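Topology and contacts: notes
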Amino acid sequence: MSDKLFKKVLVANRSEIAVRVINACRVLGIKSVAVFSEADRGSKHRFAADESVFIGPPPPRQSYLDIGKIIQAAKETGCEAIHPGYGFLAENSEFPKACRDAGIVFIGPPPDAMLLMGNKVESRIKMSGAGVPLIPGMTASAVDPKVFREAADKAGYPVMIKAAAGGGGKGMRIVHQPNELNDALEAARREALNAFNDDSVYLEKYIANARHIEFQVLADSHDNCVHAFERECSIQRRHQKIIEETPSVALNEQLRTRMGDAAVAVAKAAGYVNAGTVEFLVDEKGAFYFLEMNTRIQVEHPITEMVTGTDLVVEQIRIAAGLPLSEQMHHLTQRGHAIECRIYAEDGENSFMPSTGRILHYTEPIGPGIRVDSGITRGSEITIDYDPIMAKLIVHAPDRPGAIRKMINALHEYKILGVKTSKRFMVDVLGHPEFQAGRTYTNFLGRHMGERLSAVDDHVALAAAVASVASLTTRRGITVGSGDGPAVVPSPWEALGAWEIGDSIHE
Amino acid sequence: MNKHEFLVGGKQIETQTEKSSEGYTVRVGNQSYNIQQISEGLFSVAVDGRRKIIAAATVNGTTFVDIDSVVVELQEPSHDGFAGGASDHAEAPDKIFAPMPGKIVKLMVAVGDTVEPKQQVVIVEAMKMENPVPARAKGTVKAINFSVGDQVTTEEPIVELELAK
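Structural notes on the packing of helix H5 (residues 111-118) of chain A against helix H6 (residues 120-129) of chain A
Residue and element names in this part refer to chain A.
- Close contact between H5 and H6 brings their axes to 5 Å; oriented N to C, the two are set at 100 degrees. Compared by their axis directions, H5 and H6 come out roughly perpendicular. Packed against H5, whose contacting residues are Leu116, Met117 and Gly118, the element H6 presents Lys120, Glu122, Ser123, Lys126 and Met127 at the interface.
- Grouping the constituent residues of the contact of H5 with H6 by class yields three nonpolar, two polar and three charged.

What follows is the structure in structure tokens.
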């Protein structure tokens, strides 16, 4: 291990991505520090890290988004670097600046590149100059609804309103007819202001029957820049991805090479360093358009790791420490097929309405080529304070049909009771003939999920039989507090995380 | 032998459970299942020659059972049936509740307005997402109990309607 690597890293995030980064630190022999809010006192990420620091009340602005508190926590614990994960401060260019001022390394891109790519309007202008193909639409954000009406008429309906500071599906609206435009503008502005503290929006043509295909790129500070192939992320609800896979069935070798080259050109034009993702829309004819670059590790990065045999978070840490890309990053190949399902606390049977509660039962699937990146355990409390992602289930198999079968079985064996999930919905997507045929477009859910494959009625008798046995065998959980019904207390093995017998003797 | 009763979607189901040498035998109508417990809350059943792993957990009189990613909810008939959330209020379409605790970001109706079923009346923000809440019946807005910016629970109606006859 290089002596240039950090001794201790603070992870400025929570839940599954915080646990993921902490694990990357551990394999590099780096100590990790977690931060946690009042709502996360008992959360898994806190106990996965070697140390943890309390940073305030549940609202993100007073804890996970508070740059001052996080920098202070890093200084107090002697951290040399901070990993932001995704979401929260990951794409706020003030954060890398504040890190630099405090003499702490930010594990991510330089602030200038982040600022450029963070503004969807500015980055469109820059990339059109670099010769990267763009979707027709406005080249600047505007306030006057008239400007939007004219741009929409010119591009032709349907059109898409997007937040200039956008990401994660927030502040986006599809508009099918002129009379929907004003309401959509208002809603997109309000959501953008809430999510990004910036209500600028712009408008593009909406590409129907499009695929959302993104390329992973990695650049070091020694002028090396490579891509690690594509991820297809077309299965989305509310413009937010729920199932991702790689390779994409829509790409042949020639198109893959052209898009990969374009992704590297985008990263170079932006002066990018560290791991990033260049998103494209690909239409039915195979034409591709630059959408945006995400200047962070992505939620769906594990599928790339599965097919390339790499560890992208380890690579991020190495790059931030000034090391060149690992030798293997120059010889990447795609091996087999990987799929990820995002496990959100939301009701797949009721418009993906967020669901809250305590995790009463939790069993992860295991087996060859099955990976779970989870931020929860039995007893975890899912509250309304944060994004409802709980975990990600990732499978790897020699081919796509094998990966689909493995994912369906793994979802069946992944048991999470106490909050609602989209497990059943995703099983029905994966089992759908159109998905299995590879006809996955961004409008897949709206078009194909009206009729469903699974039915509750088929399982009622067996469920009653199991419930009967459960009532005879299950010891009622130990009650904590009062009023809210039985709480399940996690066993020490579930709660302790990174804890080793004899560990402290050597300190 | 143990007898159990459950309510699933308003329908009553009875079971008879007997301990066997290899776990439990449960009769449901004319079906019979042999069930083994693997660990707490986790069970194994062979159905049509295929092994299924099934999870079950009980809270507030409701048992949730996951079979092949389909979750069945079974109620103990004697229990009050506290569940919380919108489903609780299904029999009162004249009152419009938040689907989950959150903050009101927009009210689209005023007192005296008439609303149609499925018409959006209020937007509640929770978990950083905007959740539009529709009316469930035709009627006239009788009262609006909250303002934009207020925090709401699922227990107090945001909007009350005078139902159309």
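Concerning the packing of aromatic side chains
- Counting across every chain of the model gives 10 aromatic pairs over all chains.
- With a centroid separation of 5.4 Å and an interplanar angle of 85 degrees, the aromatic rings of Phe280 of chain A and Phe288 of chain A are classed as edge-to-face. Both residues of the pair, Phe280 of chain A and Phe288 of chain A, belong to the buried class.
- Here the guanidinium or amino end of Arg41 of chain A rests over the ring plane of Phe54 of chain A, the centre of that ring lying 4.7 Å away.
- A cation sits over an aromatic face here: Lys19 of chain B above Tyr24 of chain B, 4.8 Å from the ring centre.

Observations regarding the nonpolar core
Residue and element names in this part refer to chain A.
- Ile243, Ile317 and Met390 are the most contacted members of the largest nonpolar core, which has 77 residues in total.
- In terms of residue count, the dominant contributor to this core is helix H1 (residues 15-27) (seven residues).
- Discounting residues that sit within four places of it in the chain, Ile317 has contacts with Leu5, Phe6, Ala24, Cys25, Leu28, Ile30 and Ile107.

Here's the deal with unusual backbone geometry
All names here are of chain A.
- The step from Tyr157 to Pro158 runs through a cis peptide bond, and the omega angle for that step is -5 degrees.
- Looking at the element boundaries, Pro158 is found in the loop between helix H7 (145-155) and strand E6 (159-163).
- Looking along the chain, the bond that leaves Thr246 and enters Pro247 is cis, with omega of -5 degrees.
- Checked against the element boundaries, Pro247 lands in the loop between strand E11 (240-246) and helix H9 (253-269).
- A positive phi angle is found at Ser15, which is not glycine, with a value near 55 degrees.
- Within the secondary structure layout, Ser15 lies in helix H1.
- On the accessibility criterion, Ser15 (11% relative accessible area) is buried.

Describing the sheet that holds strand E7 (residues 173-175) of chain A
Residues and elements named next belong to chain A.
- Reading across from one edge, E7-E6-E8 is the order of the three strands in this open sheet, with antiparallel pairing throughout. Of all strands in the sheet, those with a lone pairing partner are E7 and strand E8 (201-205), marking the two edges. Strand-to-strand twist across the sheet, computed as the mean angle between neighbouring axes with direction ignored, equals 30 degrees.
- As paired strands, E6 and E8 are joined by five bridges and run antiparallel to one another.

Remarks on the sheet that holds strand E10 (residues 102-107) of chain B
All names here are of chain B.
- Within the open sheet, the four strands sit side by side as E13-E12-E10-E15. Their pairing is antiparallel. With partners counted over all chains shown, the strands left at the sheet margins are strand E13 (129-134) and strand E15 (151-152), one partner each.
- Summarising the sheet, strand E12 (residues 120-126) and E13 pair through six bridges and their orientation is antiparallel. Across the sheet, the residue bridging to Ile123 is Pro132, located in E13.

Here's the deal with empty space enclosed by the protein
- Counted under the stated rule, the structure contains three cavities of 30 Å³ or more.
- Estimates place the volume of the largest cavity at around 60 Å³.
- Residue lining of the largest cavity: Lys170, Arg237, Arg238, Gln240, Tyr344, Glu346, Phe352, Pro354, Asp387 and Pro388 of chain A together with Met129 of chain B, and that is the complete set.
- Along the lines of polarity and charge, the residues of the lining of the largest cavity split into five nonpolar, one polar and five charged.

Calculation rules
- Residues take numbers from 1 onward in each chain, read along the sequence in its written order.
- Each chain takes a letter, starting from A, and each ligand takes a number, starting from 1, following the order in which they are written.
- Confidence filtering applies because this is a predicted model: local features only for residues at pLDDT of at least 70, side-chain atom pairs given and counted only at 80 or more, and all residues used for totals across whole chains, interfaces and linings.
- Excluded from the side-chain calculation are hydrogens and water; included are all heavy atoms of the structure.
- Axis definition: a line fitted to C-alpha atoms, over the contacting stretch in the case of helices. Angles run 0 to 180 degrees between N-to-C directions.
- Each helix is a run of H or I in the DSSP string that is no shorter than four residues. Each strand is a run of E no shorter than two, and both are numbered from the N terminus.
- Note that the term roughly parallel is reserved for angles under 35 degrees, roughly antiparallel for angles over 145, roughly perpendicular for angles of 65 to 115, and oblique for everything else.
- Residues count as neighbours in contact if any of their non-hydrogen atoms are within 4.5 Å of one another.
- Residues were grouped as follows: Ala, Val, Leu, Ile, Met, Phe, Trp, Tyr, Cys and Pro as nonpolar; Asp, Glu, Lys and Arg as charged; and all remaining residues, including Gly, as polar.
- Any Phe, Tyr or Trp ring, taking Trp's six-membered ring, that has another such ring centre within 6.5 Å forms a pair; planes under 30 degrees apart are called stacked, those over 60 apart edge-to-face, and the others tilted.
- Burial here depends on accessible area, computed with a 1.4 Å probe over protein chains only, as a share of the maximum for the residue type. Under 20% is buried, over 50% is exposed, and the range in between is partly exposed.
- Two conditions define a charge located above a ring, namely a distance within 6 Å from the ring centre to NZ of Lys or CZ of Arg, and an angle within 35 degrees of the ring normal.
- In these notes, a set of buried Ala, Val, Leu, Ile, Met, Phe, Trp, Tyr and Cys residues joined through side-chain atoms within 4.5 Å is what counts as a nonpolar core.
- When DSSP finds two or more bridges between a pair of strands, those strands are recorded as paired.
- With a 1 Å grid spanning the protein atoms alone, the term cavity applies to any set of points in which a 1.4 Å probe fits but cannot get out, the term pocket to an open set with protein on both sides within 12 Å along at least five of seven lines, and the term lining residue to any residue with an atom within 4 Å of a point.
- Grid points are joined across faces, edges and corners, and a volume is the space filled by probe spheres set on the points.

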